There are 2 protein chains.
Amino acid sequence: MARHQKPLELKNTRITDSLFGHYVDTVSEIMVPYQWKILTDQNPETEPTYCVQNFRIAAGREKGERKGVVFQDTDLYKWIETVAYCLASGRAKEYEAVVDDVIELLSEAQEADGYLNTWFQVNQPDDKWQNLIEGHELYTSGHMFEAAVAYYEATGKSRFLDVARKNADLICRTFGCGEGQIKGYPGHEEVELGLIKLYRVTRDKKYLEQVRYFLEERGKKPNFFEAEMKRRKKPTFFPEFMNYDLEYSQAAEPPAEQTRAMGHAVRDMYLCAAMTDYAEETGDQKFINASRAIWDNMVNRQMYITGGIGASGFRERFTTDYDLPNNTNYCETCASVGMMMFGLRMASVEGRADYYDTVERALYNTLLGSVNLEGNRYFYVNPLEMVPEFCTSHTYMDHVKPIRQKWFNVACCPPNLARTIASLGQYIYAADDEALYIHQFISSEIEGVAGETEYRISMDSELLQNGKVKIKAGLSRDGVIKIRVPYYGNKYSIVVDGIDTDPEVCDRYMIVRLPKGESHIEIKFEIRPRWVSARDEVRADAGKVALMYGPMVYCLEEADNGKNLTGIYVDPSETISKVSEIKRFIGRLPIFEFEGVKLINKGVEKGKLYGLPKFETENKKITAVPYCMWNNRGIGEMTVWLKSRIPV
Amino acid sequence: MARHQKPLELKNTRITDSLFGHYVDTVSEIMVPYQWKILTDQNPETEPTYCVQNFRIAAGREKGERKGVVFQDTDLYKWIETVAYCLASGRAKEYEAVVDDVIELLSEAQEADGYLNTWFQVNQPDDKWQNLIEGHELYTSGHMFEAAVAYYEATGKSRFLDVARKNADLICRTFGCGEGQIKGYPGHEEVELGLIKLYRVTRDKKYLEQVRYFLEERGKKPNFFEAEMKRRKKPTFFPEFMNYDLEYSQAAEPPAEQTRAMGHAVRDMYLCAAMTDYAEETGDQKFINASRAIWDNMVNRQMYITGGIGASGFRERFTTDYDLPNNTNYCETCASVGMMMFGLRMASVEGRADYYDTVERALYNTLLGSVNLEGNRYFYVNPLEMVPEFCTSHTYMDHVKPIRQKWFNVACCPPNLARTIASLGQYIYAADDEALYIHQFISSEIEGVAGETEYRISMDSELLQNGKVKIKAGLSRDGVIKIRVPYYGNKYSIVVDGIDTDPEVCDRYMIVRLPKGESHIEIKFEIRPRWVSARDEVRADAGKVALMYGPMVYCLEEADNGKNLTGIYVDPSETISKVSEIKRFIGRLPIFEFEGVKLINKGVEKGKLYGLPKFETENKKITAVPYCMWNNRGIGEMTVWLKSRIPV
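Residues numbered from 1 in each chain as written. Chains lettered and ligands numbered in written order. Predicted model: local features only at pLDDT ≥ 70, side-chain atom pairs only at ≥ 80, totals over all residues. Heavy atoms only, no water.

Examining the interface of chain A and chain B
Applicable threshold: By definition in these notes, contact holds between two residues if any of their heavy atoms fall within 4.5 Å. Summed over both partners, buried area is the accessible surface (1.4 Å probe) that two parts give up on being assembled. For salt bridges, the criterion is a side-chain nitrogen of Lys or Arg within 4 Å of an Asp or Glu carboxyl oxygen.
Contact residues are listed per partner, giving 76 residues for chain A and 76 residues for chain B. Both sides together, the interface formed by chain A and chain B hides about 6,200 Å², and carbon and sulfur atoms give 58% of it. Summed over the three residues of chain A that lose the most area to chain B, namely His394, Arg539 and Tyr610 of chain A, the buried surface amounts to 15% of that side. At the surface where chain A touches chain B, the tally comes to four salt bridges.

Observations regarding helix 6 (residues 137–155) of chain B
Worth spelling out the cut-off: A run of DSSP states H or I qualifies as a helix once it reaches four residues; a run of E qualifies as a strand once it reaches two. Both are numbered from the N-terminal end. One fewer than the residue count of a helix, multiplied by 1.5 Å, yields its expected span.
The first and last C-alpha atoms of helix 6 of chain B sit 27 Å apart over 19 residues, in line with the 27 Å expected at 1.5 Å per residue. Phi turns positive, to about 80 degrees, at Gly156 of chain B, one or two residues after helix 6 of chain B.

Focus: the side chain of Thr395 of chain B
As a reminder of what qualifies: Only protein chains enter the accessibility calculation, which uses a 1.4 Å probe; a residue is then buried when its area is under 20% of its type maximum, exposed when over 50%, and partly exposed in between. Counting of polar contacts relies on pairs of N or O atoms within 3.5 Å, with two restrictions inside protein: one atom must be capable of donating a hydrogen and the other of accepting it, and residues adjacent in sequence are counted only when both atoms are side-chain atoms.
Here Thr395 of chain B lies in the loop between strand 3 (385–386) and helix 15 (413–422). Using a relative accessible area of 2% as the deciding quantity, one classes Thr395 of chain B as buried. Polar side-chain contacts of Thr395 of chain B include one of 2.8 Å to the backbone oxygen of Thr392 of chain B. Contacts of Thr395 of chain B, omitting those with residues within four sequence positions, involve Ser312, Phe314, Arg317, Phe318 and Thr319 of chain A.

Overview of the sheet that holds strand 8 (residues 468–475) of chain A
Residue and element names in this part refer to chain A. Test applied: When DSSP finds two or more bridges between two strands, those strands count as paired.
The sheet built from seven strands is open, its strands ordered 2-6-7-8-14-10-11 with antiparallel pairing. A strand with exactly one partner marks an edge of an open sheet, and here the two such strands are strand 2 (14–15) and strand 11 (499–501). Pairing of strand 2 with strand 6 (residues 444–450), which is carried by two bridges, proceeds in the antiparallel orientation. Within strand 6, the residue paired with Ile15 across the bridge is Ser444.

Some remarks on the packing of helix 3 (residues 73–88) of chain A against helix 6 (residues 137–155) of chain A
Residue and element names in this part refer to chain A. Operational definition: To define axes, lines are fitted to C-alpha atoms, for helices over the stretch in contact only, and angles between the resulting N-to-C directions are given on a 0 to 180 degree scale. Comment on the angle field: the value is read as roughly parallel under 35 degrees, roughly antiparallel over 145, roughly perpendicular from 65 to 115, and oblique elsewhere. Take the far helix as the reference: if the near one is turned anticlockwise from it by less than a right angle, the crossing is left-handed, and if turned clockwise, right-handed.
Where helix 3 contacts helix 6, the two axes come as close as 8 Å, and the packing angle between them is 20 degrees. The pairing of helix 3 with helix 6 is recorded here as roughly parallel in orientation. When the axes of helix 3 and helix 6 are compared, the crossing they make is left-handed. Residues Asp73, Thr74, Tyr77, Lys78, Ile80, Glu81, Ala84, Tyr85, Leu87 and Ala88 of helix 3 form the contact with helix 6, whose own contacting residues are Tyr139, Thr140, His143, Met144, Glu146, Ala147, Ala150, Tyr151, Ala154 and Thr155.

Comments concerning the domain arrangement of chain A
All names here are of chain A. Under the convention used in this document: In this document the domain limits rely on a domain assignment from an automatic tool or a database.
Here chain A is partitioned into domain 1 (254–369), domain 2 (429–525) and domain 3 (530–644). Here the C-alpha centre of domain 3 lies 28 Å away from the C-alpha centre of domain 1. Contacts between domain 1 and domain 3 engage 13 residues on the former and 16 residues on the latter. When the two sides are added together, the surface that domain 1 and domain 3 hide from each other amounts to roughly 1,200 Å², 68% of it contributed by carbon and sulfur.

Focus on the pattern of salt bridges
Residues and elements named next belong to chain B. Per the counting criterion, the structure on display carries 106 salt bridges over all chains. Across the pair Arg165 and Asp204 runs a salt bridge whose closest N-O atoms are separated by 3.0 Å. One end of the pair, Arg165, is in helix 7 (residues 159–174); the other, Asp204, is in the loop between helix 8 (191–202) and helix 9 (205–217), and 39 residues separate them in sequence. Between Arg528 and Glu526 there is a salt bridge, with its nearest N and O atoms 3.5 Å apart.

What about empty space enclosed by the protein?
Which entries qualify depends on this criterion: Buriedness for pockets is judged along seven lines, at least five of which must meet protein on both sides within 12 Å for an open set on the 1 Å grid over protein atoms alone, while cavities are sets there where a 1.4 Å probe fits but cannot get out, and lining residues have an atom within 4 Å of a point. Grid points are joined across faces, edges and corners, and a volume is the space filled by probe spheres set on the points. Amino acids outside the nonpolar list (Ala, Val, Leu, Ile, Met, Phe, Trp, Tyr, Cys, Pro) and the charged list (Asp, Glu, Lys, Arg) are all regarded as polar, and Gly is one of them.
Here the structure, examined in full by the defined rule, presents 13 cavities of 30 Å³ or more. Of the pockets and cavities examined, the largest cavity occupies roughly 680 Å³. As for the largest cavity, its lining consists of 37 residues, and the residues nearest its centre are Asn327 and Ala540 of chain A together with Asn327, Ala540 and Lys544 of chain B. Grouping the constituent residues of the lining of the largest cavity by class yields 19 nonpolar, eight polar and 10 charged. Reported here for the second largest cavity is a volume of approximately 120 Å³. Contributing to the lining of the second largest cavity are 13 residues, with Thr13, Ile15, Val24, Ser89 and Ala422 of chain A lying nearest its centre. Secondary-structure elements contributing two or more residues to the lining of the second largest cavity are strand 2, helix 1 (20–39) and helix 15 (413–422) of chain A.

Re the packing of aromatic side chains
Under the convention used in this document: To pair, rings of Phe, Tyr and Trp, with the six-membered ring standing in for Trp, must have centres within 6.5 Å; the planes then decide the type, stacked if under 30 degrees apart, edge-to-face if over 60, and tilted in the middle.
One pass over the full model with this rule turns up 76 aromatic pairs over all chains. Plain terms: the ring middles of Tyr627 of chain A and Trp630 of chain A are 6.4 Å apart, the flat faces sit at 25 degrees to each other, and that makes the pair stacked. For the pair shown, Tyr627 of chain A and Trp630 of chain A are each scored as buried. Between Phe55 of chain B and Tyr77 of chain B, the ring centres sit 5.9 Å apart and the planes meet at 70 degrees, which makes this aromatic pair edge-to-face. With Phe55 of chain B in helix 2 (residues 51–58) and Tyr77 of chain B in helix 3 (residues 73–88), this pair connects stretches of sequence that are 22 residues apart. This pair shows no difference in class: Phe55 of chain B is buried, exactly as Tyr77 of chain B is. The structure contains a cluster of three or more aromatic residues connected by ring pairs, namely Phe71, Trp119, Phe120, Tyr139, Phe237, Phe238, Phe241, Tyr244 and Tyr248 of chain A.

Regarding the sheet that holds strand 13 (residues 509–514) of chain B
Strands belonging to one sheet form pairs held by backbone hydrogen bonds; the direction of such a pair is parallel or antiparallel. Residue and element names in this part refer to chain B. Read across the open sheet, the six strands follow the order 1-4-5-9-13-12; overall the sheet is mixed. The open sheet has two free edges, formed respectively by strand 1 (6–7) and strand 12 (505–506), since each of these has just one partner strand. Bridge count for strand 1 against strand 4 (residues 429–431) is two bridges, and the pairing is antiparallel. Residue pairing in the sheet places Lys6 in a bridge with Ala431 of strand 4.

Focus on the relation of the copies chain A and chain B
Convention followed: Residues reaching a pLDDT of at least 70 in both copies supply the C-alpha atoms on which the copies are superposed by least squares.
The transformation that overlays chain A on chain B combines an axial shift of 0.0 Å with a rotation of 180 degrees, and the residual RMSD is 0.0 Å. Expressed as an axis order, the relation between the two copies is that of a two-fold axis. Of the C-alpha atoms belonging to chain A, the one lying closest to the rotation axis is found on Pro239 of chain A, 2.6 Å away. A share of 99% of interface residues in chain A that are also interface residues in chain B marks the association as one of identical surfaces.

Digging into unusual backbone geometry
Residue Pro222 of chain A follows Lys221 of chain A across a cis peptide bond; omega there is -5 degrees. Note that Pro222 of chain A resides in the loop between helix 9 (205–217) and helix 10 (224–232). If you check the backbone angles, Cys331 of chain A has positive phi at about 45 degrees while not being a glycine. For Cys331 of chain A, the position within the fold is in the loop between helix 12 (285–302) and helix 13 (333–350). On the basis of relative accessibility, which here comes to 0%, the residue Cys331 of chain A falls in the buried class. A positive phi angle, near 65 degrees, is found at Lys233 of chain B, a position not held by glycine. One can find Lys233 of chain B in the loop between helix 10 (224–232) and helix 11 (265–282).

Here it is, written out as structure tokens:
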């Protein structure tokens, strides 16, 4: 299994990109302090979260009721994980002491047997591990493990890792098919990912074995969740679980037998990422096969053009093939994070660059679009079509917000975004025994080892400006750099140390062999704005086109194009011109302009709803902006998909 | 107030129409027996409803738990009301004895003080009148009153009326602003309608006064429901009430101050119908003003072309102006019934025929479309666009079914449909001191009195075949017939007793003065199939057209046009031809054919979701069928709105 790609250590990564560099700065400069204020109830603009206070109560430092959602603890864990990644790259140093204090608190709150979950410790001490469908105890532990490993790797301090191991050991004792053990598994997958990370850092095989147990036990007959639901009769935490179905938590059949993306999108992604991780460690092919089938189903039948997933606004879940409504959708930020995690692991195991096409799609569009430019307002739901007036609360549109929010009652997304941006390096570079991999064209610097060669890379990417990517590579001995050929970049030229080259391409990587010493690679991708369409079965997009440029999806905003965007028609054969940038935006992103028409119906009497059709058109200059920049200029209409004029 | 129109007594109505006659037959021959079997748990194909059994338990005839939804009793009341209307028109005679037995049972179940509600009597005897938001006690009583009045009017038997009055008297004692009274009002309006009917038949003013109390107390500050929700903290019956808002039950402000359709659509319609009823009895103008404003908002901003209302699939409610999605919508059958009730009352009070344009729209489309041709399968939700594969349960489409159902857990719609069809005469004819009114062109015979003239009318309508309506009228003395000029029928010719006539038109009624004796009126409306469009603000219908013919909305079905109906484009200037009928359908309804094109995208690689747009078109003969007939030929795609080719 030695050929699998591994991400490089974050320590040695520096993101210098004009677009992503901004967001990376934002994480340490804005998000970490902002979110800390929120977690400690020091932000006057948002409701108290009680997040840190809950730990103080569990630790006995304060008295009171444990408040917030049942999995509130995870917000803190994800925040610590974010700080850890920042520290690894030399940022947010002032928070190391803060985290050390928090770790002290966690360790105080932990029970003698390793149990640590503020909800159950304070509010329902007798009900531990009883509500696996809704209780999120294992999920919460998983985030603890991920944070603990990240902090250990960033700082070398093992205190938090000890807490995590103690908790993990308890889980290993508690869950299994032995006598007195609970023959169950998590309602929300995540603990598997945490356990794998613990295994990788400790090499303690029981953590890996526990992952196997969870993966193989899940969905077996007689069904554990079916029995649990029957026993509890009613949902405890989430009223919408009244009509619970096993598919929701990927428990209708064993994961290894699943062949399509199903149920709650975040859960499914975490499960798949864990399956792939487990397969990477063990070579267990049945999990790779299942992961590949689910990935293919998702990407080719259930994924939005923005890399969003989860078409159903109700229960945040996958629906069925080609059902991709643009305005009632969910496309949770966390689901795209999960998809990136899954894709990274698939690429690692299968060695195919195309997984990164999808990772890139989610990263450039849904992920960046979920946060405002300042880094302190967030989307949980990422629609592809917005009419602000239609976002009526208490209706079918209740979940869709026309503007990014300061925080959420269920606040999984902002810290998940933060930890992903803070660890962006893992999505850009990887290494195996043979080569160093470049997966994304994001300006950055790293140092890393592949095989016996040390690489020092400095990438200067102008992919979105002119398609040019310059890579300066310093190698300690002869080596190989494999560079992903993105799906939109099949036409390119490459110059290595001044010489036109035509490198071999394998598994969608161009293979560039370099001698010891410094080399300069210059790639020029021919990328132009292009119209994209969906297959006919996607009813929501029938007869429509969307504009893309490289990995970026574009959209129309009311700020540039006025109201009633659904009345706009474009002709995909019209010339698209690049116009000057929009000052409010960042990253020197191109803005595009083209001719279109706007349909106006003059057949409906004033004040009436319906009338005879009397369609007239007016010519209109249309401006498209990157989807990830939308809603940074006030509330307004937005649409990704545009009606196309059809051939006459 | 003597000039208000009143419906004629149903006793003297006979529906002979080729379309509606079928449904009227179906009510007495199929629905009444089928529904009785269901209510008494004798239908092996559907889950037990426990409906009649609940009354047996409440009456002490059986032991056991009271099962089904909290307002299950109303299914029985609506069924009795249906039987009463059947009996009034000489149908379903074999059920009179059955109803008499049931009434005996009800009277046994009723408590000494008049209380009668099987849920609370059996399951929560100490919690009566405590949960007004969700408990539906007043709602249930309202349906009891409506049924009792109908049965009394049909049979002259007063036993059920006595039960109802005893219950109504208890309500009058219980609710009010006096000492010891509950200062509350119903969460689901309906009792007001029942009380008005009780008042009309008994002339007991306290019932009318109680209606005034409920209408005026509702939405007052401090808000009763706000306090109740605070007191109860959690919803009891409906988990989705967790995030309850006052608008849902029209309680955010007093009804007389409301200016738009809001909240749960059925509730709003029942409230408005009651306001209008109350205003008719009392002349209280503030309620008329509110009703008119709400009606106008609904019809001109929140109503589907099919007469469906309630755009939100979540919470069955109104959303906001112009938000009219075609596939996730609710358009509950009961909401359209409520709208018909509201429209009838508005027409009665205001004397304007145009209210019946909307009543007719709901009747011909949503109402008839909600039941299959056999009368034993029902839609609760009436979508305007259907892709059967997308109706995934447990998702945002959970509420939308691709095929009519045998029954429902919440089974309000089937009996509501039945009672409406069984009392169809009230929507066709009315009378005031001056004239007899003809509102719908549905073949039928009636006898009625207007002022001092007796009318014997026989209408033979071929409106949907050739626009011809023949009316034979026998008058006991000189009189006036006012005939509605429908919005689609402004061009017409009229011949009275062989003479071309050009009658005065006032408030959209043509006023035909007739002498004593027999007269023959022949009207020929010039109606042709026509394309209709929505105003630009209706984003869901932008650039689309729907085909109508008279009051009937047409749709495309997969059975005639294949799959991917969203890929079809039509040119509204193309000729539409009438083709031979479809045998499976009834009522000699025209089927239309026209040329269209189907868009096929050849730019997406096999197995992929997205690609470059490479749109090609193929010419296609399109067939449109009446919306009310859809889904009578198996499961398949359906759409009302079609993409229009736009002018080049």
